[in-house]
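# Descriptive structure summary
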Amino acid sequence: MVKIYVAGHRGMVGGAILRQLQARKAAGEDLTLITRTSSELDLTDQAAVRAFFAEEQPDQVILAAAKVGGIIANNSYPGQFIYENLMIECNVIHQAYAAGVRKLLQLGSSCIYPKEAAQPMREDALLTGTLEPTNEPYAVAKIAGIKLCESYNRQYGVDYRSVMPTNLYGPGDNFHPENSHVLPALIRRFHEAARDGLEEVTIWGSGKPMREFLHVDDMAAASLFVMDLDDATYQRETEPMLSHINVGSGTDVTILELAQMVAEVTGFEGKISTDPSKPDGTMRKLMDVSRLARLGWTASIPLKEGIAETYAWFLEQGLENLRMK
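Because the structure is a prediction, the values reported are computed rather than measured. (Residues numbered from 1 in each chain as written. Predicted model: local features only at pLDDT ≥ 70, side-chain atom pairs only at ≥ 80, totals over all residues. Heavy atoms only, no water.)

## Things to note about the packing of helix 1 (residues 12–26) against helix 7 (residues 216–228)
Relative to each other, helix 1 and helix 7 sit at 65°, their axes nearing to 8 Å. Like other packed secondary-structure pairs, helix 1 and helix 7 cross with a definite hand, here right-handed. Where helix 1 abuts helix 7, its residues Met12, Val13, Ala16, Ile17, Arg19, Gln20, Leu21 and Arg24 lie against Val216, Asp217, Met219, Ala220, Ala221, Ser223, Leu224 and Asp228. (Axes fitted to C-alpha atoms, helices over the stretch in contact; angles between N-to-C directions. Helix = DSSP H or I, 4+ residues; strand = E, 2+ residues; numbered from the N terminus. Left-handed = near helix turned anticlockwise from the far one by under 90°. Contact = heavy atoms within 4.5 Å.)

Here it is as structure tokens:
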């Protein structure tokens, strides 16, 4: 029997990982799955986290808990973003080690890479340049999480791994009209435009920037794949202080192409216009996923199919039941 603690199980990624672990358990794997809501366990509280690990004694930990948000939230609350994420990582990783947990997987973010990183972004681009200023505090915290894992591996001989996802989407996403990321924001806008019979939808910027997207179920599958890799295979493709692994689809689309896909899925038949007076942001942000491919995993959910599935979930929830924060 293996006891696995999933931290952040109510988030989009943590929820997808928990669903896949529950499916494994239902298929016959001898698993005990441990979860706590944030009201049950404050991961920024060192004493509470210590007591939790001492009581539960999990065998493995999946750290998907984090304080996350879009550009507005990152700009408005930089102190909270760096503090809370550092505290979560320090408490969970250290108390896992103190309780004898040998295997841990930490989920990070593609924002760890320099603003001007060569495309596609390779793992060895880490710490080679200046970060994007708008989310630097969050990125610094996620980099610290990688280095915590690597340092504990070196000093204590544990097996703590990190995966860095690209832009994720899927069931459980945040569809807030102001605070959501680009894909859920487009789904909501085009849904409302189709519902209201609008003749035109205008998207910010030129529509030319390119972005990569990965379905959250693919991310969950990749996370468990990396977690389950035997030591020899994992160490063959990583280095002790460059051990994190990018997770993405390996392909990208323009924002305009993305909007056209969303329009088709939601049934919007009007005109799509661009507004070049609005900022484009970084023109391209693509992950190099060759390390993960060499290890034996590639994404399987095509973008348009994933958007359709996400839109179906969106409709099932109803606007009033969706995360609006």
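## Quick look at the nonpolar core
Nonpolar side chains in soluble globular proteins tend to end up buried together. The biggest cluster of nonpolar side chains holds 29 residues, and the ones touching the most others in it are Ile17, Leu21, Ile62, Leu107, Val163, Met219 and Val247. Residue contributions to this core peak at 7 residues, all from helix 7. One finds Ala7, Val49, Leu104 and Tyr160 within the second-largest nonpolar core, a separate group that totals 23 residues. (Core = buried A, V, L, I, M, F, W, Y, C linked by side-chain atoms within 4.5 Å. Buried < 20%, exposed > 50% of the residue type's maximum accessible area, 1.4 Å probe, protein only.)

## Side note on unusual backbone geometry
Looking along the chain, the bond that leaves glutamine 119 and enters proline 120 is cis, with omega of -10°. Positive phi, normally seen in glycine, also occurs at leucine 127, with a value near 65°. Its location among the elements puts leucine 127 in the loop between strand 4 (103–107) and helix 5 (136–156). Looking at leucine 127, the relative accessible area reads 59%, which means it is exposed.

## Comments concerning the packing of helix 4 (residues 78–98) against helix 5
The interhelical angle for the contact between helix 4 and helix 5, taken along N-to-C directions, is 15°, at an axis separation of 8 Å. Our classification of the angle between helix 4 and helix 5 gives roughly parallel. Along this stretch, helix 4 crosses helix 5, giving a crossing that reads as right-handed. Facing helix 4, whose interface residues are Pro78, Phe81, Ile82, Asn85, Leu86, Glu89, Cys90, Ile93, His94 and Tyr97, helix 5 presents Pro137, Tyr138, Val140, Ala141, Lys142, Ala144, Gly145, Leu148, Cys149, Tyr152 and Tyr156. Along the lines of polarity and charge, the residues of the contact of helix 4 with helix 5 split into 16 nonpolar, 3 polar and 2 charged. (Parallel < 35°, antiparallel > 145°, perpendicular 65-115°, else oblique. Nonpolar A, V, L, I, M, F, W, Y, C, P; charged D, E, K, R; others polar.)

Taken by themselves, the reported measurements are silent on function.
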